[in-house]
Structure formats: structure tokens, C-alpha cells
Protein chains: 2
Amino acid sequence: MISIAIDAMGGDFGEKPIIKGVIKALETKPFHAILVGNSKILKPLIPKKLEQYIQYEEASEIFSMNEHATDALKNKETTIYKAINLLKEKKVDAVVSAGHSGASMSLATLKLGRLKGILRPAIATLMPNIVNKTLLLDVGANTDCKAENLFQFAIMGEVYAKEIMQIPNPRLALLSNGEEESKGNDLTKESHQLMKKIPNFIGNAEGRDIFNGQIDILICDGFVGNSILKACEGVATAIFHLLKDEINRSFIFKLGALLIKSPFKKLKKHTDWKEYGGAPLLGVNGCVIISHGKSDAKAIKNAIFQAINFSQSHINELIEKELEKYNV
Amino acid sequence: MISIAIDAMGGDFGEKPIIKGVIKALETKPFHAILVGNSKILKPLIPKKLEQYIQYEEASEIFSMNEHATDALKNKETTIYKAINLLKEKKVDAVVSAGHSGASMSLATLKLGRLKGILRPAIATLMPNIVNKTLLLDVGANTDCKAENLFQFAIMGEVYAKEIMQIPNPRLALLSNGEEESKGNDLTKESHQLMKKIPNFIGNAEGRDIFNGQIDILICDGFVGNSILKACEGVATAIFHLLKDEINRSFIFKLGALLIKSPFKKLKKHTDWKEYGGAPLLGVNGCVIISHGKSDAKAIKNAIFQAINFSQSHINELIEKELEKYNV
């Protein structure tokens, strides 16, 4: 049975939503959950019938969201440090954390090491499009990139799309400010030339293509990816905020909104990041799923399923193998 | 009376929506419209009562969307070349074009010249937020920037916000992947230090802050700005597409949607780029408003009003004056 270390206390809302997520996941699919945190606080939250699946790893501290990621290696008593350490010692198959994402990344990179040939790991995230989902990477791990980094993100994204998203020939694109090969900044123009070597590369795509179902994977540097991710969250929030404000102005509007509650719900479900669980950290020697700090039980449950799928695949071996094919 | 040269044929949909926009604008506010294009085609579109406001500048060619911006200077017979030339010769106060934006920018920069001290002009665009609007720049003119460029975009954006948006102390922010000063890529970290000299600078902001009403101006390089702009358009389009699909599944849903037609309409109006008209090109010696290639009559009308407001202000003098204050 797969063992997953869960940083039980690192999220913005403390241990409760995380443990609820673990319970929800266990009710669907059995696995070994190693809860990393203060067992005195955690134990009372676990129902008797699930106790058999749970173990505890004591960790007395939480790495605060205000700390610098670079300090994560210093404090060996934090939940995230101990969780990654369990993976390093091969006592678990995967880690799920809703804690400080920079800390998770630094610890994973430095303690687990990078895959053979990988210069920089990347955080990949799934974004909803009108047909299915688009994998966007990097979304935060690397703010300044070289063309070789973007090329490697492309290889990693492609393997993830094939193995986890089950797309045999994913349409792989490079984010630019125009579809033409001549468009872009210095980094993307150079990256474009490297990515041409990848058979599934379909060329440049624009920001809007994340959502129109025309591509499966979009490659960019972590600064751009993170900015886009947050801007898109912002648009969606603003649209629903403005609409709600208008609807609240009249009884008739409220009645209308009630009648289309179900379409709204479906839309919300389709566009809800909590449905996707978390963002896999690709390129490190292990399986680390980085969850949103504001994860609720559903998000944690889905992150755990993501970790299980990742662990049961051979993504990391395949990334190394794929990378060997290219002389970049 | 203010004279505006209008590239009457450069948009994606030909002369009709552009002329309709000119007519709509003239019906609201009198100005001199110099229509640049084939007068034989344009004249029949103008109602008799408005003829007194219209002049024609013959131009036999259209700079195609597929051509390279750098070729714009070569063909002197295009509508955009002739329009910019009228401004250079001071025969008009402003230019509005829905043609090739790169060509407009190249021609404006090279023929009109840059304002004193400005290294690179920038395209600024207004984006709706939940309270009002956020000015985002650059959104496409400069794909590779230095910190000095971003600093100058900040100065130009600030003057625009004060003069045109009528915000006495605009909240000026720098786009980054985190609010902390330490967050960002090499470019933004260096830019942050320069921008600290500007009293209205409130620090870093994230993509989501474009929409939450917390900032008035957001500064970024043209690659990032363009990517964000297009991604945000993509999200909004996807949301309404998915919702429409769901609503069309049942009569009850359609009825509900009908009841909240008015809130949807208000939302659409608030978030519709056509309401904002166009994007001013800041930093060139003149007033050039770049409209969306897909502009309809409303967009052109609003772009014309934007050109009138810009021409009646002293933005360009103020930018030069403001820039002199800083030793960057």
C-alpha cells in the first residue's frame, strides 16, 4: 500500500481541513497516511475505524509563511522538514504539503536532489479550459530562467501529460506574445528553437490559449506563470463578485440566480482549483505535491489522490529517459 | 477644434465599423476628423449633416496584420503611415488606429520621436477592477526591458493616471510574484529599488491585484503585460462560454438567465474593453491611441474620446517635467 507523508499543520487554516481531507481520501481509497505534526493534537481528530491507516511523525514546529524559503533547511523540527525527510529516507512514497511552497521546493530540491540531467525543478499546475485542463509550468519555482530550463520544463510537462493526464500526444506550446516564431522576448525566442526538437511541440501560444482548449501544456518561466495564475484567479473572483453585487439589487435577479444555481455550481466545480488538489513539483527525486496554503478538505483529498497517481506512475524514470534523447 | 487623424481602413473588419465609430463620436462631440484611406469608399458612408467635420487624406494601401512592424516605414502609402505623418507635420492633434499595433508603435516612435529622456515608449491599457479601473503598462511594446524602462513606465503611468483618470495620488505598484520586496525576478528587484524614489509607489503587487481595486497602476514589461492581458481575456471568455453551455441545457436555466439579463449586461459593460476604446502609446512626441484590431463602432468612438482627452491635457509636457526630477 502506498505511504504518504502529510504535512498536517503547515496550511493557512491549521490542521483541521488537512485532517478532514485525509479522512475523505481514506474513505475513498486506502493508503498509509503518515501525519507529520503534533500527534496529541492530531490523534483526537481521527475516527476509530481509520486508525489502522494512520501513523504519526512528531514535529513540533511549523515553517511560517513569512519566513524565507532559504531558511527551511535550518530548522529541522518543522512539519515540512520532517515530511520531506521521510521521503528522503524512503519511509514514504510521497509528500503532500499545504505549507510554505518555497520551503517545500527548497527542501525537496536540496534533500531529495534533482533528477539526472535536470537543471531546475518546476511547479506545474492544472488550469481549467473550456474542454478539459491545461498544464501550465513553471508557476513559481524559477523567476529567472534560461532557454535550457524552459526546454526541460517542456520535457517534464510532456511526460506528466502522457502519464497522469493520459494524453498520448499532448499539444505542447510555448507562451509568447504572438503565435509567430518571430514573436517573443529573448528567452522565448531561444527556447522556441530548442523546443522545436520535441515532436509534440506545436509552437508559440498566447495567454488566451490556456483556456480555449487548443493546447494541453503551456511552458513559461516561473515569474510569468505565477503572475498569470494569480491574474486569472483575480479575474474569475472579480467577475463573480461584480455579478453577485448586481444580482443582490433585486428580488427578481435573485430568483433568476436561484434558477441557474446548478449551471453556476457546475461552472464553479469545473473552474475550482480545489478540484485539482495541488501542483506537482517536477524534476526532483521523489513525489512532492504542493497544495495551496488555503486548501480545504476537498483540495487536500485531491492532492492525496494526485500523490497516489504520481507514485504509481514512472514519471521520474521517464523524465530522465526522455531527457537523455536530446542533446540540450 | 481638435483634429484627429483616423486610420479609416486598418482594422480587422475594414472601414465600416471605424466610420460608424467616427459618426457616433461626432454625434456626441464635435471635432475635425481626418479620415485616412480611399475617399471614394469612405465618402458615401458619411451622412450629409456631418460632412462639415470631415476631411480626407488619400492613402491607397493598408499595412497588413501579417507584415513585420519593422517594414512599416518602407511603404509610405499605407493608411497608418499617412496618419502618423499628418501628426508629425502637426496637421492633426492625434491619431487613432485599429491597424497593426506594432506598425503604429514603430512609426510613432521613429517619425514623431520619443519624449525628452524617454528610452522606450510603452502601451498602456485600462483593465476593469471591482471598483473602477487599473492602468497596466507595458502591454506589448517592449518584450525585453531594463529596470530604467520599468521606472520610466511608472512615471508615464503616474502622469496618465493623474491627468486622464483624474486620480490625484494614484497607487502605483510593480508586478511581482509576491508582495515582499525580496520577491521577484532580477528585473523587478532592480526596478523596485528605482521605483522607491516615486512617492506614490506602494510596492510590489500580484496579478490578482489588477482586479481587486487595491491599486491604480501596475507596471510590468511588455511580454508579461501582454501575456496577462490575453490570459485574462481568455478566462472571461471561457467563463461565459461554459456558463452559456450549461444554461442552454434546460428551459428553466434559460428562464433564470433571462431574469438576470440586466446584471449580466452591466457586468459585460463594466468588463468590456470596447468601453475603454484604446491603449494610449505613452512616451512618444504626440498623441497616438492604439485600438484593438477587432474594434467595433463603440470602441472607435471611445478611442476618439480618449484621443480628445489626451490632446486637451498636457501629459507629454508633464511626463518630461516629472522625469527631470529623478536622476535615473
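Not measured: the values here are computed from a predicted model. The residue numbering used here restarts from 1 in each chain and proceeds along that chain's sequence as written. The lettering of chains begins at A and the numbering of ligands begins at 1, in the order of writing. With pLDDT at 70 or above as the cut-off, local features in this predicted model cover only qualifying residues; side-chain atom pairs require 80 or more to be listed or tallied, and sums for whole chains, interfaces and linings still use all residues. As a rule here, side-chain values cover all heavy atoms of the structure and leave hydrogens and water aside.

**Notes on the pattern of salt bridges**
All names here are of chain A.
- Just to be clear on terms, a salt bridge is a Lys or Arg side-chain nitrogen sitting within 4 Å of an Asp or Glu carboxyl oxygen. Summed over the entire model, instances satisfying the criterion amount to 30 salt bridges over all chains.
- Of the charged contacts, one joins Glu206 and Arg208 as a salt bridge, the two residues approaching to 2.8 Å between their closest N and O atoms.
- When a residue's accessible area, from a 1.4 Å probe over protein chains only, is under 20% of the maximum for its type it is buried; when over 50% it is exposed; and in between it is partly exposed. For Glu206, a relative accessible area of 9% puts it in the buried group.

**So, the sheet that holds strand β3 (residues 54-58) of chain B**
Residue and element names in this part refer to chain B.
- Reading across the sheet, the 11 strands line up as β3-β2-β1-β4-β11-β10-β5-β6-β9-β7-β8 and stay open at both edges, with mixed pairing between neighbours. At either end of the open sheet lies a strand with only one pairing partner, and these are β3 and β8 (201-205). Strand-to-strand twist in this sheet, taken as the mean axis angle between neighbours without regard to direction, amounts to 25°.
- This element, helix α4 (residues 101-112), spans β4 (94-97), β5 (122-128), β10 (278-282) and β11 (288-291) of the sheet and lies at about 170° to β11. When DSSP finds two or more bridges between two strands, those strands count as paired. Put simply, DSSP H or I for four residues or longer makes a helix, DSSP E for two residues or longer makes a strand, and each gets a number counted from the N terminus. Note on geometry: axes are lines fitted to C-alpha atoms, helical ones only across the stretch in contact, with angles between N-to-C directions running from 0 to 180 degrees. In this description, contact between two residues means that some pair of their heavy atoms is separated by no more than 4.5 Å.

**Focus: the relation of the copies chain A and chain B**
- Superposition of the copies was done by least squares, using only C-alpha atoms of residues whose pLDDT is at least 70 in both. Overlaying chain A with chain B gives an RMSD of 0.0 Å, the required rotation being 180° about an axis along which the chain moves by 0.0 Å. Here the transformation between the copies is reduced to the relation of a two-fold axis. Relative to the rotation axis, the C-alpha of Gly256 of chain A is the closest in chain A, positioned 2.0 Å from it.
- Most of the interface of chain A is mirrored in chain B: 100% of its interface residues are interface residues there too.

**What to know about a nonpolar patch on the surface**
- Excluding any residue in a salt bridge, patches collect residues exceeding 30% relative accessible area, merging like charges within 9 Å and nonpolar Val, Leu, Ile, Met, Phe, Trp and Tyr side chains within 5 Å. Only the protein chains shown count as covering a residue, and every accessible area follows the Shrake-Rupley method with a 1.4 Å probe. Together, Phe251, Ile252, Leu255 and Leu258 of chain A line one region of the surface with nonpolar side chains, adding up to about 410 Å² of accessible area.
- The exposure class assigned to Ile252 of chain A is partly exposed, which follows from its relative accessible area of 42%.

**As for the interface of chain A and chain B**
- On the chain B side, the residues contacting the 51 residues of chain A number 51 residues.
- In total, chain A and chain B occlude about 4600 Å² of area from one another, counting both sides; carbon and sulfur atoms represent 75% of this.
- Linking chain A with chain B are six salt bridges.
- In this structure, the salt-bridge partner of Glu206 of chain B is Lys230 of chain A, at a minimum N-O distance of 2.3 Å.
- Two N or O atoms form a polar contact when they lie within 3.5 Å of each other; inside protein one atom must be a possible hydrogen donor and the other a possible acceptor, and for residues adjacent in sequence the pair counts only when both atoms belong to side chains. Where chain A meets chain B, there are 11 residue pairs in polar contact (both at pLDDT 80 or more).
- Only α6 (186-195), α7 (222-247), α8 (251-259) and α9 (261-271) of chain A provide two or more residues apiece to the side of chain A that touches chain B.
- When residues in the side of chain A that touches chain B are grouped by element, the largest group, 20 residues, is from α7 of chain A.
- Ten residue types, Ala, Val, Leu, Ile, Met, Phe, Trp, Tyr, Cys and Pro, are classed as nonpolar, four, Asp, Glu, Lys and Arg, as charged, and the remainder, Gly among them, as polar. Of the residues contributing to the side of chain A that touches chain B, the split by class is 26 nonpolar, 17 polar and eight charged. Once two parts are put together, the accessible area they lose, assessed with a 1.4 Å probe and summed over both, is termed the buried area.

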